[in-house]
Amino acid sequence: MADEDYKALGNAKYKEGKYQEAVEAYSKAIENDPTEPTFFGNRAAALLMLKKYDDALTDCKAAVAIDNTFTKAYVRGAKCYIVRGMLFEAKAFLNQLLDKDPQSVEGLREQATIEQVEKDIASAREHLQNNDHDRASYFVDRIVPVCPDSSMVLSMRADLLIGRKKYDDAASVCWALLAKDRQNPDLLFLRGKALLYGGSTESGMKHMTEALRVDPDHSRSREMLKTIKAMERAKNSGNESFKEGRCEEAISFYTEALSLDSLNTMYNSTVLCNRAASKMRLKKYKEALEDCEESAKLNPQYVKALTRKAECLIQLEQYEEGVHTLEAAMKMEPDSSDINSRLRDAKLELKKSKRKNYYKILDVAKDAGEYDIKKAYKRAALKHHPDKWANCTDEEKEESEKAFKDIGEAYSVLSDSEKKHKYDAGMDIEE
């Protein structure tokens, strides 16, 4: 078969989308006549479609070496660079054409594409630096179709995914890029950041350390490693203080850890939950509840934040909400015997809350002893004794009589160990 016949066959296969067969046909044509630039140019077009950019570029260079006025070869060669984000090289290759033909329509069109990508990259970087992920996304989405094989552009996409809290996706993108370039400190940093913010602190720190091994001057890795180490020190100090019962000191350490990186939400969720535990031990349930709610907001799948939130709600006598919170936790861990037990107890407390609260009537704690209960009874009975309200309005007398009756009822139950046990267990006292 003649070389032109192979070319015609290649063109037909190209139009049918059978690019590998087109490459084979053009290769036969080149074997027959290696001095024809269009054979190389056409094969480059097919190789581009197969995403074999290095081979396509080689053919484009071969074509212009034969014919330095071959416009399509220059344009396709520039595309080979553009798809990989090598814009400086793309401009240099394209300028060989524009120097000879400044009015080349195809050359000027490709030049405009390069200039637009450069602007979009600059805008995307600026918005990423300012953590404006919505605007950054607009520009990254414009760049990716033009530079689909660019490590630089894909790393920007990974950075964007991190900003949008899609840490697993970001780590996967970086992993694929690192397979091609394992010694790239920027990629090591980004994957480390994705792992770190995704909750894998140790693995994230290892990636930062590796980035600094490759490039000791990599400032982003150094700063982030410095920050996470400071967070770890503060959190660990808080944990130690909590274990030793120094809860105010623990709260101070946890607060310090929380001040260091507001974007590390998974880590901060854990620290907030730890701080809540310290506040709960100090019986600061309202403050602890706020920490638990913020912890669960930062990490909606954090079951411990929900169980501690429920405990705070029950201590604050918000029983119904406490039950709902434990039910949500139970859906996340349906086989947890601990949560199931907590839920059962919370439902009992909810049931008990619908009766008269004898502890509240006497103004004593639920763990009050016999002496404190008797003392509280005398104080309350004296305050509401009918003789003290003889000169008051009928309405005030009625309220006082009701209160006095409730006080006597409360004392009769709480001063009787058997009745108190039944009352505390949520049982019918008369059973």
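Let us look at the structure shown here. (Residues numbered from 1 in each chain as written. Predicted model: local features only at pLDDT ≥ 70, side-chain atom pairs only at ≥ 80, totals over all residues. Heavy atoms only, no water.)

### What to know about the overall build of the chain
If you tally the helices and strands in the chain, you get 23 helices and zero strands. Whereas a compact globule of 431 residues would reach a radius of gyration of roughly 22 Å, the chain reaches 37 Å, over 25% beyond that. Taken along its principal axes, the extent of the C-alpha atoms in the chain is 120 × 45 × 40 Å. Every one of the 431 residues in the chain was classed for burial, and the buried ones make up 44%. Within the chain, contacts between residues at least 6 apart in sequence are counted, and of these 50% link residues at least 24 apart. By element, 48% of the accessible surface of the chain is carried by carbon and sulfur atoms, the whole surface being about 23700 Å². Looking at the chain, you have 71 positive and 77 negative side-chain charges, and the mean spots of the two groups are 2 Å apart. (Helix = DSSP H or I, 4+ residues; strand = E, 2+ residues; numbered from the N terminus. Rg over C-alpha atoms; globule rule 2.2 N^0.38 Å. Buried < 20%, exposed > 50% of the residue type's maximum accessible area, 1.4 Å probe, protein only. Contact = heavy atoms within 4.5 Å. Areas by Shrake-Rupley, 256 points an atom, 1.4 Å probe, with all protein chains shown as cover. Lys, Arg positive; Asp, Glu negative; His and termini not counted. Charge placed at Lys NZ, Arg CZ, Asp CG, Glu CD.)

### Quick word on the side chain of Asn-42
Mapped onto the fold, Asn-42 is located in helix H3 (residues 37-49). A polar contact is formed between the side chain of Asn-42 and the side chain of Asn-11, at a distance of 3.3 Å. Residues contacting Asn-42, with those up to four places away along its chain left out, are Lys-7, Asn-11, Tyr-26 and Arg-76. (Polar contact = N/O pair within 3.5 Å; in protein donor to acceptor, adjacent residues only side chain to side chain.)

### Section: the packing of aromatic side chains
If you walk through the whole model with that rule in mind, you get eight aromatic pairs. Ring geometry for Tyr-74 versus Phe-93: centroids 5.7 Å apart, planes at 55 degrees, classification tilted. With a gap of 19 residues between them, Tyr-74 in helix H5 (residues 71-82) and Phe-93 in helix H6 (residues 87-100) connect regions that are remote in the sequence. Pair check on accessibility: Tyr-74 and Phe-93 agree, each one buried. Linked through ring pairs, Tyr-74, Tyr-81 and Phe-93 together constitute an aromatic cluster. (Phe/Tyr/Trp six-rings, centres within 6.5 Å; stacked < 30°, edge-to-face > 60°.)

### Let's talk about the packing of helix H2 (residues 19-32) against H3
The contact between H2 and H3 brings their axes to 9 Å, and the two run at 160 degrees. As judged from the angle between their axes, H2 and H3 are roughly antiparallel. Where H2 crosses over H3, the two elements pack in a sense that is left-handed. Where H2 approaches H3, its residues Tyr-19, Ala-22, Val-23, Tyr-26, Ser-27, Ala-29 and Ile-30 are matched on the opposing element by Phe-39, Phe-40, Asn-42, Arg-43, Ala-46, Leu-47 and Met-49. Of the residues belonging to the contact of H2 with H3, the class tally is 11 nonpolar, two polar and one charged. (Axes fitted to C-alpha atoms, helices over the stretch in contact; angles between N-to-C directions. Parallel < 35°, antiparallel > 145°, perpendicular 65-115°, else oblique. Left-handed = near helix turned anticlockwise from the far one by under 90°. Nonpolar A, V, L, I, M, F, W, Y, C, P; charged D, E, K, R; others polar.)

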